Amino acid sequence: MPNSTNQFIKPVSCRVNSNGNLEIGGCDLVELAQKYGTPLYVLDEETIRAVCRDYKKAFSLYKKVNMMYASKALCTMATSALMYSEGFGFDVVSAGEMYTVYKAGVDMSKVLFNGNNKSVDELAMAIDLGVGRISVDNFFELSLLDELAKSRNKSVDILLRITPGIECHTHEYIQTGHLDSKFGFDLTQIDEAVEFVLSSNLKLHGLHAHIGSQIFETAVYRDEIDILIRELARLDEKFGLKLDEINIGGGLGVKYVDSDLPPSTYEIANVIISAIEDAIKKYNIDAPAIFLEPGRSIISTAGVTLYTLGSSKQVPKGRKYFAVDGGMADNARPSMYQAEYCAVVANKPEENSLQTVTIAGRFCESGDILIHNIELPELEEGDILCVFNTGAYNYSMASNYNRVEKPAMVLVNNSQSDIIVSRETLDDLIAHDIIPDRLRVDV
Ligand SMILES: *Cc1c(COP(=O)(O)O)cnc(C)c1O
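Residues numbered from 1 in each chain as written. Predicted model: local features only at pLDDT ≥ 70, side-chain atom pairs only at ≥ 80, totals over all residues. Heavy atoms only, no water.

Asks: I'm lost on the overall build of the chain in this one. Help?
Replies: Check the secondary structure of the chain and you find 12 helices and 21 strands. The C-alpha radius of gyration of the chain comes to 23 Å, within 12% of the 22 Å expected for a compact globule of 443 residues. Referenced to the eigenvectors of the C-alpha coordinate spread, the extents of the chain come out at roughly 70 × 65 × 45 Å. Burial statistics for the chain: of 443 residues in total, 56% are counted as buried. (Helix = DSSP H or I, 4+ residues; strand = E, 2+ residues; numbered from the N terminus. Rg over C-alpha atoms; globule rule 2.2 N^0.38 Å. Buried < 20%, exposed > 50% of the residue type's maximum accessible area, 1.4 Å probe, protein only.)

Asks: Teacher, can you tell me more about the site of the ligand here?
Replies: By nearness alone, 14 residues border the ligand, and Lys72, Ser213, Glu293, Arg296 and Tyr393 come closest of all. Measuring from an oxygen atom of the ligand, one finds a side-chain N or O atom of Ser213 at 2.3 Å. Across the complex, the protein chains shield 94% of the 390 Å² of accessible surface that the ligand would expose by itself. Here the shell around the ligand is composed, by residue class, of 3 nonpolar, 7 polar and 4 charged. (Near = heavy atom within 4 Å. Polar contact = N/O pair within 3.5 Å; in protein donor to acceptor, adjacent residues only side chain to side chain. Areas by Shrake-Rupley, 256 points an atom, 1.4 Å probe, with all protein chains shown as cover. Nonpolar A, V, L, I, M, F, W, Y, C, P; charged D, E, K, R; others polar.)

Asks: I'm lost on the sheet that holds strand β1 (residues 15-16) in this one. Help?
Replies: Each strand in a sheet pairs with its neighbour through backbone hydrogen bonds, running either in the same direction (parallel) or in the opposite one (antiparallel). Spatially, β1-β2-β3 is the arrangement adopted by the 3 strands of the open sheet, whose pairing is antiparallel. Each having just a single partner strand, β1 and β3 (27-28) make up the two edges of the open sheet. When β1 meets strand β2 (residues 22-24), the two strands line up antiparallel, connected through 2 bridges. Pairing of Val16 across the sheet is with Leu22, part of β2. (Pairing = 2+ DSSP bridges.)

Asks: Explain the side chain of Glu231 here, please?
Replies: When you line up the elements, Glu231 lands in helix α8 (residues 219-239). Leaving out residues up to four positions away in the same chain, Glu231 has contacts with Leu187, Ile190 and Leu207. (Contact = heavy atoms within 4.5 Å.)

Asks: Whenever I open this one, the pairing of strand β21 (residues 416-421) confuses me. Can you help?
Replies: The side chains of a regular strand alternate, residue by residue, between the two faces of the sheet. In this sheet, β21 lies alongside strand β20 (residues 408-413) in antiparallel orientation, the contact comprising 5 bridges. Bridging from a neighbouring strand, Leu411 pairs with Asp418 of β21. Remark: 2 residues form the turn of the hairpin made by β20 and β21, two consecutive strands paired antiparallel; Asn414 in that turn has positive phi of roughly 50 degrees.

Asks: Can you help me understand the packing of aromatic side chains in this one?
Replies: For any pair of aromatic rings, the description rests on two quantities: the centre-to-centre distance and the angle between the ring planes. In the structure shown here, the tally under the stated rule is 6 aromatic pairs. Ring geometry for Phe139 against Phe185: centres 5.0 Å apart, planes inclined by 80 degrees, an arrangement best described as edge-to-face. With Phe139 in helix α6 (residues 139-151) and Phe185 in strand β10 (residues 185-186), the pair connects residues that are 46 residues apart, well separated along the chain. Cation over ring: Lys118 sits above Phe113, and NZ or CZ is 5.7 Å from the ring centre. (Phe/Tyr/Trp six-rings, centres within 6.5 Å; stacked < 30°, edge-to-face > 60°. Lys NZ or Arg CZ within 6 Å of the ring centre and 35° of its normal.)

Asks: Sorry, what's going on with the nonpolar core here?
Replies: Where a protein is soluble and globular, its nonpolar side chains tend to be buried together. One finds Ile48, Phe59, Ile134, Ile158, Leu160 and Ile272 to be the most contacted residues of the largest nonpolar core, which totals 87 residues. Once residues within four sequence positions are removed from consideration, Ile158 is found in contact with Arg133, Ile134, Val136, Leu142, Leu145, Val197, Leu202, Lys203, Leu204, His205 and Gly206. In terms of nonpolar packing, the next biggest core, distinct from the first, is built from 22 residues, Leu22, Ile24, Val304 and Ile384 among them. (Core = buried A, V, L, I, M, F, W, Y, C linked by side-chain atoms within 4.5 Å.)

Asks: So what exactly am I meant to see when it comes to the pairing of β20 here?
Replies: With 6 of 6 residues buried, β20 is to be regarded as a mostly interior element. Where burial is concerned, the two faces of β20 agree: the one with Ala408, Val410 and Val412 and the one with Met409, Leu411 and Asn413 are both buried. As defined by bridge partners, strand β4 (residues 40-44) adjoins β20 across 5 bridges and the pair is classed as parallel. Bridge pairing in β20 places Asp44 opposite Val412.

Right under this line is the structure:
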């Protein structure tokens, strides 16, 4: 079976160029660091397009498939426009993500709104912008949404988010489908939810689940699909409801380090399609349309972060630390999930690795360590470190901790680089600050 780009650590266009520097999308990373400053998020367009096409190709055997990119992994107007041009719809979880895809020109009927505590304003906005589906998470939201629909004299298209009760072996914070999760209706609550829907202004199209993230085992999708289709058949029998959509969420893993062995989009598609075929025979229903919501596997591998090395410290008889000009505010994953990363020095990618060092961030927390124990060549101040696989859940989780400006992001392709998110300025940082008159100091 062919590979897909989520199975590689580096972007597809990453290579050493004639200057002996690392390049991505035909752009020398050392030159990008000089031109735009560091830290800098770099995204490779070719890698994003390649994985979008892998997904489409892998699922092309199944006629009724809808690819929805999970915006929470990385949401910008440019990346939204790019994925839209590849035929993807969008899964959004906030007014901000909804607004971003809307402003990027996305047809809102190709958007699904998710989340376990959507606000009244967000639900109203989703209805008013004509979002294609709202995945309703709980009873409170069902009645809220129904009131909003009635007050507008509209019918609203929904899915019910359910908790299938499947454990997958991933980090506890990114497991979502197990029974005592904060997300979705328990299987035993579905009937009550459906009874509510049947006497409401809501139109139910199907069921939605998402079992976790950074998933490497394919069997969990099999179990998930069996449960979703079993429930469709049961609801047909009990309520005469012909639901014809299942949304199986996202979750396909990526390769952060050599020991990560994620399946390809092709392997996952084979498992999903055969699981659907088996389940529709077993429960005797028509094949439903499927919705997939990959986030990480679409965008992670395409992204790298460039940092400039600054101070270093040799702890007597201990570790050797090198500090970079970013850290937990631009990449929260190491301190939040003990996530691991690979990196190389972009200005000497081929030099032998002679030492084991720890890459520390610049933020005021002892836990702000980007990479523990990585083998790198001799390092000096000013070297450009390229950390791989930072496209997903880096910028989207970035903060202004220590009042540090968020980095810029560039999209590279065919030797061209375009800023798609500009670097924050010091004035951006104080733009929302207000000093009450009584505290004003005359300067
Ligand atoms: C987070 C999430 C996704 C995307 O997960 P990835 O692991 O990034 O693919 C998809 N659907 C839902 C409902 C989610 O919460």
